[in-house]
Amino acid sequence: MSSVCRSLRMKIAVLGATGQTGQYLVNQALQQGHTVTAIVRNPGKLAVHHDNLKVVEADIFSADALKTHFKGQDVVMSCLGFPASIFSAVTGYTMSMNAMISAMRQARVNRIITMTSWYTEPNSGTNSSYLIRFLLLPMIRSVLTNMHEMEKFLLNVEDINWTVVRPPGLKNLPASAQEFLTHEGYFVPDSSGNPVGSTVARGDVARFMLSLLNSNAWIKGGVAITTK
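Quick caveat, the model's predicted, so the values are computed rather than measured.

All right, on to unusual backbone geometry then. Of note in this structure, Arg108 is not a glycine but carries a positive phi near 60°. Relative to the helices and strands, Arg108 is located in the loop between α4 (92–107) and β5 (111–115). Note on Arg108: relative accessible area 77%, which makes it exposed. A positive phi angle, close to 65°, is found at Tyr119, a residue other than glycine. Within the secondary structure, Tyr119 is located in the loop between β5 and α5 (130–139).

Moving on, we get to the packing of helix α3 (residues 63–70) against α4. Relative orientation of the contacting elements α3 and α4 amounts to 50°, with a least axis distance of 8 Å. Accordingly, the angle class assigned to the pair α3 and α4 is oblique. The crossing of α3 and α4 is right-handed. Contact with α3, carried on its side by Ala63, Asp64, Leu66, Lys67 and Phe70, involves Ala99, Met100, Ser102, Ala103, Met104, Gln106 and Ala107 of α4 and no other residues of that element.

Moving on to the pattern of salt bridges. Enumeration according to the criterion identifies 5 salt bridges in this entry. Linking Asp159 and Arg105 is a salt bridge whose minimum nitrogen-to-oxygen distance equals 2.8 Å. Note that Asp159 is positioned in the loop between α6 (141–155) and β6 (161–166) and Arg105 in helix α4, a separation of 54 residues in sequence. Exposure remark for Asp159: the relative accessible area of 45% places this residue in the partly exposed category. Owing to a relative accessible area of 42%, Arg105 belongs among the partly exposed residues under this scheme. Note that Glu151 is salt-bridged to Arg166, the shortest N-O span being 2.8 Å. Here the residue Glu151 occupies a position in helix α6, and Arg166 occupies one in strand β6, the gap between them amounting to 15 residues.

What follows concerns the nonpolar core. The biggest cluster of nonpolar side chains holds 39 residues, and the ones touching the most others in it are Leu15, Phe70, Val76, Met100 and Ile112. At the level of elements, β1 (11–15), α3, α4, α5, α6 and β6 are the ones that each hand at least two residues to this core. Residue contacts for Leu15: discarding those within four places in its chain leaves Ile39, Ile60, Leu66, Phe70, Val76, Met77, Ser78, Cys79, Leu80 and Met100. Val200, Val205, Met209 and Leu212 belong to the second-largest nonpolar core, a separate cluster that totals 31 residues.

When you tally the buried positions in β6, you get 5 out of 6 residues, the bulk of the element. Sheet analysis places β5 next to β6, joined by 5 bridges and oriented parallel. Bridge pairing in β6 places Met115 opposite Val165.

On to the layout of surface pockets. Volume-wise, the largest pocket comes out at about 600 Å³. In terms of lining residues, the largest pocket is bounded by 28 residues, among which Tyr93, Thr116, Ser117, Met147 and Leu170 are the most central. Of all elements in the fold, only α2 (20–31), α5, α6 and β7 (169–171) reach the threshold of two or more residues within the lining of the largest pocket. Classifying every residue of the lining of the largest pocket gives 19 nonpolar, 8 polar and 1 charged.

Turning our eyes to something else, we now look at empty space enclosed by the protein. Tallied over the entire structure, the rule returns 1 cavity of 30 Å³ or more. Roughly 30 Å³ of internal volume is contained in the largest cavity. If you trace the largest cavity, you find it lined by Ser78, Leu80, Tyr93, Ser96, Met100, Thr114, Met115 and Met150. For the lining of the largest cavity, the secondary structure elements donating two or more residues are α4 and β5. Tallied by class, the residues present in the lining of the largest cavity amount to 5 nonpolar, 3 polar and no charged.

This paragraph deals with the packing of aromatic side chains. Think of a pair of aromatic rings as described by two things: how far the centres are apart, and how the planes are tilted against each other in angle. Under the criterion given, the structure shown has 7 aromatic pairs. Note on Phe180 and Phe208: the rings are 5.1 Å apart at their centroids and 70° apart in plane angle, and the pair reads as edge-to-face. Of this pair, Phe180 sits in strand β8 (residues 180–183) while Phe208 sits in helix α7 (residues 202–211); the two residues are 28 residues apart in sequence, bridging distant segments of the chain. There is no split in this pair, since Phe180 and Phe208 are both buried. Here the aromatic residues Phe61, Phe82 and Tyr93 are joined through ring pairs into a cluster of three or more.

Rules used in this analysis
Residues numbered from 1 in each chain as written. Predicted model: local features only at pLDDT ≥ 70, side-chain atom pairs only at ≥ 80, totals over all residues. Heavy atoms only, no water. Helix = DSSP H or I, 4+ residues; strand = E, 2+ residues; numbered from the N terminus. Buried < 20%, exposed > 50% of the residue type's maximum accessible area, 1.4 Å probe, protein only. Axes fitted to C-alpha atoms, helices over the stretch in contact; angles between N-to-C directions. Parallel < 35°, antiparallel > 145°, perpendicular 65-115°, else oblique. Left-handed = near helix turned anticlockwise from the far one by under 90°. Contact = heavy atoms within 4.5 Å. Salt bridge = Lys/Arg side-chain N within 4 Å of Asp/Glu carboxyl O. Core = buried A, V, L, I, M, F, W, Y, C linked by side-chain atoms within 4.5 Å. Pairing = 2+ DSSP bridges. 1 Å grid on protein atoms, 1.4 Å probe; cavity = no way out; pocket = protein on both sides within 12 Å on 5 of 7 lines; lining within 4 Å. Points joined across faces, edges and corners; volume = space filled by probe spheres on them. Nonpolar A, V, L, I, M, F, W, Y, C, P; charged D, E, K, R; others polar. Phe/Tyr/Trp six-rings, centres within 6.5 Å; stacked < 30°, edge-to-face > 60°.

The values are spatial; any link to function lies outside them.
Quick look at the structure:
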């Protein structure tokens, strides 16, 4: 059994490691025995210390800066988030993903797992609640638009095994033991086609992303998730 566990341990480069979901991801990855390289803009924000954790500072929009830290990694995982903007377009998701894919090609890493959100596709929120549809989604539309542009960019990436994980609203809570509900789409529907709930724990998003390391599920695809 121990040899099996050892063989499943991976070297993971994590972007967005100082964010709320990223910190859950880093901690869970270390608990599972993985070796983590956290690529951050501000190392002082990551208050985790572990023998298997290396924290490096790099420009997340520069393929040249990233490729150095991608070399030798088994997988790249991104929890990067960028704030909504009313007056200008959000570009961080597409710019960072462009840099990551370019750096991965140069470093010969061929697996990436990233997160976006429910409702990135502009018409996918029509069955959501009144509050979400008419108040929340317009407030974060600039973020969802750039997330969707990033997802469309990945659809044309054929030489790298990518997965986009789409959670609903994020609660700053640790992982539960609840079963996941998944759907190949932009939200998880019930039997009537309406969204199942509206929030998920950040720790559970990290748990789901890490569960994909030893699975061929959702390769080159997007998956909406929530918990039961």
